[in-house]
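Letter by letter, the chains look like this.
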Amino acid sequence: MCRIFLFLFLIILTESNARSHDKTAVKINFHEMSLQRLTALRALMASQPTALAAYIIPTADAHNSEYIAPVDARREWISGFTGSAGTAVVTSSAALVWTDGRYYTQFQQEADMSLWTLMKQSLPDTPTIESWLASNLTAGSVVGVDPHTFTRDQWTPLQTALTKASMQLTPVQTNLIDEVRTQMGDPPPKRPNNDIIALPVQYTGKSAGQKISELRQKMVEKKVSALVITALDEVAYTLNLRGSDIEYNPVFFSYLIITPAAVQLFVNGSMADAVTSQLRAELAHISVLPYTQVLQHLQALAKELSTTGDGKHSIWLSSDASEAIHRAAAGVDVLKTPLNLISEVSPVSLMKLVKNDVELEGFRQCHIRDGIAVIRLFKWLHDQIDAGATVTEIQASDKLLEFRKDESDFMGPSFSTIPGAGPNGAIIHYSPSRDGPQKIIEKNDMFLLDSGGQYKDGTTDITRTRHMGKPTAEQKSAFTRVLKGQIMVGSALFPQGVKGNVLDSFARHSLWEVGLDYAHGTGHGVGHFLNVHEGPSGVSWRPYPHDPGLKPGQILSNEPGFYKVGEFGIRHEDLVEIIKITKDSKHPKAATLVGDYDGRGVLGFNTLTLVPHQKECIDVNMLTDFELSYINAYHARVLDTVGVILQQRGLNQDLQWLQRECAPMRRD
């Protein structure tokens, strides 16, 4: 034990002295820093009351958020890998990160590959974390994880697998990464506590009081005594409130507990008068408690319910809630017999999945305004590069933000813009650094721009790929094949209730015909002025575990791609609205319908995104007659919808550029 703390002291002293030196002093290089952090973590693992053979560090906060605040960026700190998805496992001799195909290239660029091993979880022969631990640790080993950062859905199968291998999974209440950071003089930043704003019913279409009433009715049907809401976007949706505690996501750190008699909101600090006034006006009568007291309150609630009535009380919470929340709600530490829990998909998740008429109209309107901003950016970018000006990826991103700020109800980007020029376009979730050398967008570059906006009436997410000069035959072929996949999904008809994964192969069909593919899903759900990635539905080769089946009123992305590492990337992304289709619908395949799937109903997509594709990159001879008609009709719709607004606003040069971009294509 003394040797452990002596070693930690020497690490702290080393980093403290390094910070005190002036700029001419020798700095600890990246390898040494990574090694020091791993060594300090391993020392702390060994010093636990029961020594840990492995410690798991997910990319997660206490709310299972996809994107996290800097205070929760523990996997990033220990590994150096900044991608938004991945789980690290550290043992006494190994350090590994499991992540998906979006991040393989990025991981290899950011992490110290002499210390870290990339586990490519998209590949079928890559072992799962459970199987790797069972195969590489000895019987009797103890694996630790912070239960606040692991969901019940993650905890249970891992615990089962380790138990089967004669190993133990143990909750480590104090996060070891936070502890190591503090010991090394680099403590985590404070948890954000930004202002909460009210979103009026003119945008939400339904009052907070009505939503709570509907949830209480579901509680009656489920025969539960309390509903615990832990996902930040679900709390925000239920109460018609928004925040900014996580960058790009209009949410705030909170928990919500609904019982038949009370609604309790756990947040840091107090709320503004305007917020409380709207809640009262919408008949949402809530009490506000400190954020840090939620576990204590749940334990007290469990104790109370266990001693009242017939002893059959239960609490409903999402299986995506943390293991720590599950344990507190069950009263694991305060009851001899834990309370019964119903742990399944959240009713709020299913409620906000299907947008109401006001939300859907908001999505349509904000996509018109967002399309204007993106069109203006591409016109400006081509003008600059054609004139020989120097434009970097970050300058293009900043200019797009400037154009978006011109649009009404714009609240900020919906994620960090991905402006990948040339080989950077092949890094699926590329994020350029503002420090150091900047990549200039060259005349011979394929430029992939994936961006989105948060508006009070909706959320956007769009990718367009454009060549700044003349594309090669290979680039045109790949561009066209990706476009054919997007058209195949966008024009598809399918039965109501099917899972999103059945549509995935449509997007890949043209690529698969020549042995090409892409290492990410085809579509994700989108929140209404909420998270740009929203479950529980999506389109991927892997089924979404809680996908209830596709229904009218859902919003999904349609985004196939192709990436040639080291050269270029191509992705076409639209947001689409699921709509009912009959023979009389305005849909390119409606007239050919002869049935309705035996009464299940026919669904299709209405594309919300309104930005043209670059015609110079399309090989018209690769398109079928239907596909050519489809893309021409789409471009005509873009021009008809956006062009009139450009004209009204006096943006005549942008209008002229759009007219050229949307002119019909014909075969040679």
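Attention here is on the structure that accompanies the text. Residue indices follow the written sequence of each chain, beginning from 1 at its first position. Selection of residues for local features in this predicted model requires a pLDDT of at least 70, selection of side-chain atom pairs for listing and counting requires 80 or more, and totals for whole chains, interfaces and linings are taken over all residues. Only hydrogens and water are set aside when side-chain values are computed; all heavy atoms of the structure are taken into account.

### Here we look at the sheet that holds strand β20 (residues 462-467)
- The strand order across the open sheet built from three strands is β16-β17-β20, with neighbouring strands paired in antiparallel fashion. The sheet terminates laterally at β16 (418-421) and β20, the two strands that pair on one side only. Within this sheet the neighbouring strands show an average axis-to-axis angle of 10 degrees, counted without direction.
- In this analysis, strands are considered paired if DSSP registers two or more bridges between them. Numbering goes from the N terminus for both helices and strands, where a helix is a DSSP run of H or I of at least four residues and a strand is a run of E of at least two. In the sheet, strand β17 (residues 446-451) pairs with β20 via six bridges, with the strands oriented antiparallel. Pairing of F447 across the sheet is with R466, part of β20. Fitted lines through C-alpha atoms give the axes, limited to the stretch in contact for helices. The angle between two N-to-C directions lies from 0 to 180 degrees.

### What to know about the pairing of strand β11 (residues 263-267)
- With respect to burial, β11 is a largely interior element, five of its five residues being buried.
- Here β11 shows two buried faces, one formed by V263, L265 and V267 and the other by Q264 and F266.
- With five bridges connecting them, strand β10 (residues 254-258) and β11 associate as antiparallel partners. Residue pairing in the sheet places L256 in a bridge with L265 of β11.
- With antiparallel pairing between neighbouring strands as the criterion, β10 and β11 make up a hairpin whose turn holds four residues. Each residue is assigned to one of three classes by its accessible area relative to the maximum for its type, calculated with a 1.4 Å probe on protein chains only: buried under 20%, partly exposed between the two thresholds, exposed over 50%.

### Observations regarding the packing of aromatic side chains
- Working definition: a ring pair exists when centres of Phe, Tyr or Trp rings (six-membered ring for Trp) sit within 6.5 Å. Plane angles under 30 degrees give stacked, over 60 give edge-to-face, the rest tilted. Going through the model one piece at a time under the given rule, you end up with 10 aromatic pairs.
- Seen from their ring centres, F81 and F107 are 5.3 Å apart, and the 70 degrees between their planes marks the pair as edge-to-face. Taken together, the positions of F81 in the loop between α3 (74-79) and β2 (87-91) and F107 in helix α4 (residues 104-110) put the pair 26 residues apart, joining distant regions of the chain. The pair F81 / F107 is uniform in exposure class, with both members buried.

### So, the pattern of salt bridges
- Basic side-chain nitrogens of Lys or Arg form a salt bridge, by our definition, when they fall within 4 Å of a carboxyl oxygen of Asp or Glu. All told, the structure shown has 35 salt bridges when counted by the stated rule.
- Across the pair K352 and D233 runs a salt bridge whose closest N-O atoms are separated by 3.0 Å. With K352 in helix α14 (residues 347-353) and D233 in helix α10 (residues 232-239), this residue pair connects regions lying 119 residues apart in the sequence. For the residue pair K352 and D233, the accessibility class agrees, reading buried in each case.
- The salt bridge partner of R464 is D574, with a shortest N-O separation of 2.7 Å. Here R464, found in strand β20, pairs with D574, found in strand β27 (residues 574-580); they are 110 residues apart in sequence, far enough to count as distant.

### Observations regarding the sheet that holds strand β15 (residues 410-413)
- Judged by pairing direction, the sheet is antiparallel, and its three strands sit side by side in the order β15-β18-β19 without closing on themselves. Single-partner strands in this sheet number two, and they are β15 and β19 (458-459).
- Judged from the two bridges that link them, strand β18 (residues 453-455) and β19 form a sheet pairing that is antiparallel. What sits directly across from Y455, in β19, is G458.
- Contacts were defined at the residue level, with two residues in contact if any of their heavy atoms lie within 4.5 Å. Each of β15 and β18 is contacted by helix α16 (residues 393-405), which is oriented at about 165 degrees to β15, the strand it contacts most.

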